[in-house]
Amino acid sequence: MTNVLLTKKNGIAYVTINREEALNCFNYDTLRELQEVTDKIALDTEVKVVLFTGAGDKAFSAGADLKERKTLTEAETRRNVRAIRDVFNSIADLPQPTIAAVNGYALGGGFELMIACDFPIAAEGVLMGLTETSWAIIPGAGGTQRLPRLVGEMKAKELIFTAKRFTAEEGLELGVVLKVVEKERLIETCEEFAFNIMKNGPVAIRQAKFAISQGMNTDLQTGLAIESKAYELVIPTEDRLEALQAFSEKRTPAFLGK
């Protein structure tokens, strides 16, 4: 693969959109590679947290590759839209917590990737937004559904209808960004956050993510039932017993993800 890079270190999978010269835009080959990488990570129990970012310092991703789009037939355009929607859904459904290290422009599909992640952390001053209506299309990779769930229906309509670009600092106020940090400290901050997650029980983290993500799309009673099922899965784990033993021995637990 050349358009999407995957490296792993200390339990973190680093996924980099590697099209710096094209502002890390998504063409069809990039989407296929990203889907392959995501599918691989989903089955990798050694990966505890996934960090997505873009190559270089200008863009996280500026969205769809419009140069490619100009050459596509209507059928090929539908293929691309389906591919980007499917891969972002796969990213949102990853069992591991996901962090978006937003190092530059996050526009259109780049913004949709950002909000498909659990925790967007952005560099100071970067521009972001769903700009599709300015191209006479609509967000087609989850933007019309995920953004209202983050900021409310009225604000999402405003941002999408006006194709507004806004800064990371405004994104923090809106609730689409978790933290804004100096660009030089972006990856370091994301790694620190990842390590704070990884010190806890891996099975518990996965089940908590599942319960929250699935429960958010249901009524309260169904959500509580999902939570109960998720809790059942952590009861027989070795990690739960290790946590109790470590507490009694006044030491830090050594979780194995079992």
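Structural notes, computed from the coordinates. (Residues numbered from 1 in each chain as written. Predicted model: local features only at pLDDT ≥ 70, side-chain atom pairs only at ≥ 80, totals over all residues. Heavy atoms only, no water.)

**Let's talk about helix H1 (residues 28-42)**
Worth spelling out the cut-off: Segments assigned H or I by DSSP are reported as helices when at least four residues long, segments assigned E as strands when at least two residues long, and all are numbered from the N terminus. Take the residue count of a helix, subtract one, and multiply by 1.5 Å to get its expected span. Under the scheme applied here, a residue whose accessible area is under 20% of the maximum for its type counts as buried, over 50% as exposed, and between as partly exposed, the area being computed with a 1.4 Å probe on protein chains only. Here, two residues are considered to be in contact whenever any of their heavy atoms come within 4.5 Å of each other.
For H1, built from 15 residues, the straight-helix expectation of 21 Å at 1.5 Å per residue is met to within 8% by its first-to-last C-alpha distance of 21 Å. The complete set of buried residues in H1 reads Thr30, Leu31, Glu33, Leu34, Gln35, Val37, Thr38 and Ile41. Where H1 is buried, its residues contact strand E1 (4-9), strand E2 (12-17), strand E3 (49-54) and helix H3 (74-92).

**Some points on the sheet that holds E1**
Basically, it comes down to this: Two strands are counted as paired when DSSP detects at least two bridges linking them. Helix axes are fitted only over the stretch in contact, all axes being lines through C-alpha atoms; the angle between N-to-C directions runs from 0 to 180 degrees.
As summarised here, the arrangement of the six strands in space is E1-E2-E3-E5-E7-E10, forming an open sheet in which the pairing is mixed. Pairing within the sheet leaves two strands with one partner each, and these edge strands are E1 and strand E10 (179-181). Adjacent strand axes in the sheet meet at a mean angle of 20°, parallel and antiparallel pairs treated alike. Running over the sheet, H1 touches E1, E2 and E3 and is turned about 20° from E1.

**Here's the deal with the pairing of strand E5 (residues 98-102)**
By the criterion of burial, E5 is predominantly enclosed, with five of the five residues buried. Going residue by residue along E5, you find Thr98, Ala100 and Val102 tucked away on one face and Ile99 and Ala101 tucked away on the opposite face as well. Where E5 meets strand E7 (residues 119-123), four bridges bridge the pair, whose relative direction is parallel. Directly across from Ile99, in E7, lies its bridge partner Phe119.

**Topic: a nonpolar patch on the surface**
What counts is decided by this rule: Grouping into patches uses exposed residues only, defined as over 30% relative accessible area, and leaves out salt-bridged ones; the cut-off is 9 Å for like charges and 5 Å for nonpolar side chains (Val, Leu, Ile, Met, Phe, Trp, Tyr). Only the protein chains shown count as covering a residue, and every accessible area follows the Shrake-Rupley method with a 1.4 Å probe. One speaks of a salt bridge when a side-chain nitrogen belonging to Lys or Arg is within 4 Å of a carboxyl oxygen belonging to Asp or Glu.
Taken together, the side chains of Leu66, Trp135 and Ile137 present a nonpolar region at the surface, about 300 Å² in accessible area. Along the chain, Trp135 falls in the loop between strand E8 (127-129) and helix H5 (143-151). Classification of Trp135 as exposed rests on a relative accessible area of 56%.

**A look at the nonpolar core**
Cut-off, in case you're wondering: Take the buried Ala, Val, Leu, Ile, Met, Phe, Trp, Tyr and Cys residues and link them wherever side-chain atoms come within 4.5 Å; each set so joined is a nonpolar core.
Leu34, Phe88, Met114, Met128, Leu147 and Val176 are the most contacted members of the largest nonpolar core, which totals 58 residues. Each residue touching Leu147, except ones within four places of it in the same chain, is listed here: Phe111, Ile115, Leu130, Gly142, Gly152, Ala156, Leu159, Ile160 and Val176.

**Comments concerning unusual backbone geometry**
One non-glycine residue with positive phi stands out, namely Asn10, at about 55°. Tracing the chain through its elements places Asn10 in the loop between E1 and E2. By relative accessible area, which is 57% here, Asn10 ends up exposed. The backbone of Leu23 sits at a positive phi, close to 55°, despite the residue not being glycine.

**Overview of the packing of aromatic side chains**
Keep this limit in mind: Working definition: rings of Phe, Tyr and Trp (its six-membered ring) pair if their centres are within 6.5 Å, and the pair is stacked with planes under 30 degrees apart, edge-to-face with planes over 60 apart, and tilted otherwise.
Tallied over the full model, the rule gives three aromatic pairs. Ring centres 5.6 Å apart and planes at 75° place the aromatic pair Phe26 and Phe88 in the edge-to-face group. Of this pair, Phe26 sits in the loop between E2 and H1 while Phe88 is found in helix H3, placing the two residues 62 residues apart along the sequence. Ring centres of Phe119 and Phe193 lie 4.8 Å apart, and the angle between their planes is 80°; this geometry places the pair in the edge-to-face category.

**Thoughts on the sheet that holds strand E9 (residues 166-167)**
Hydrogen bonds along the backbone pair up the strands of a sheet, which may run parallel or antiparallel. Spatially, the four strands line up as an open sheet ordered E4-E6-E8-E9, and their pairing is mixed. The sheet is open, and its two edges are formed by strand E4 (59-61) and E9, each paired on a single side. As paired elements, strand E6 (residues 105-107) and E8 share two bridges and run parallel to each other. Residue pairing for E8: Ala106 is matched across the bridge by Met128. Set on the sheet, helix H4 (residues 109-116) makes contact with E4, E6, E8 and E9; between it and E6 the angle comes to about 95°.

**Observations regarding a negative patch on the surface**
Threshold: All tallies of charge rest on Lys and Arg as positive and Asp and Glu as negative; His and the ends of each chain are not included. A charged residue contributes its charge at one atom only: NZ of Lys, CZ of Arg, CG of Asp or CD of Glu.
A contiguous patch of negative charge, built from Glu124, Glu169, Glu170, Glu173, Glu182 and Glu184, is present on the exposed surface. Looking at the element boundaries, Glu173 is found in helix H7 (residues 168-174). Judged by its relative accessible area of 73%, Glu173 is exposed.

None of this, on its own, says anything about what the molecule does.
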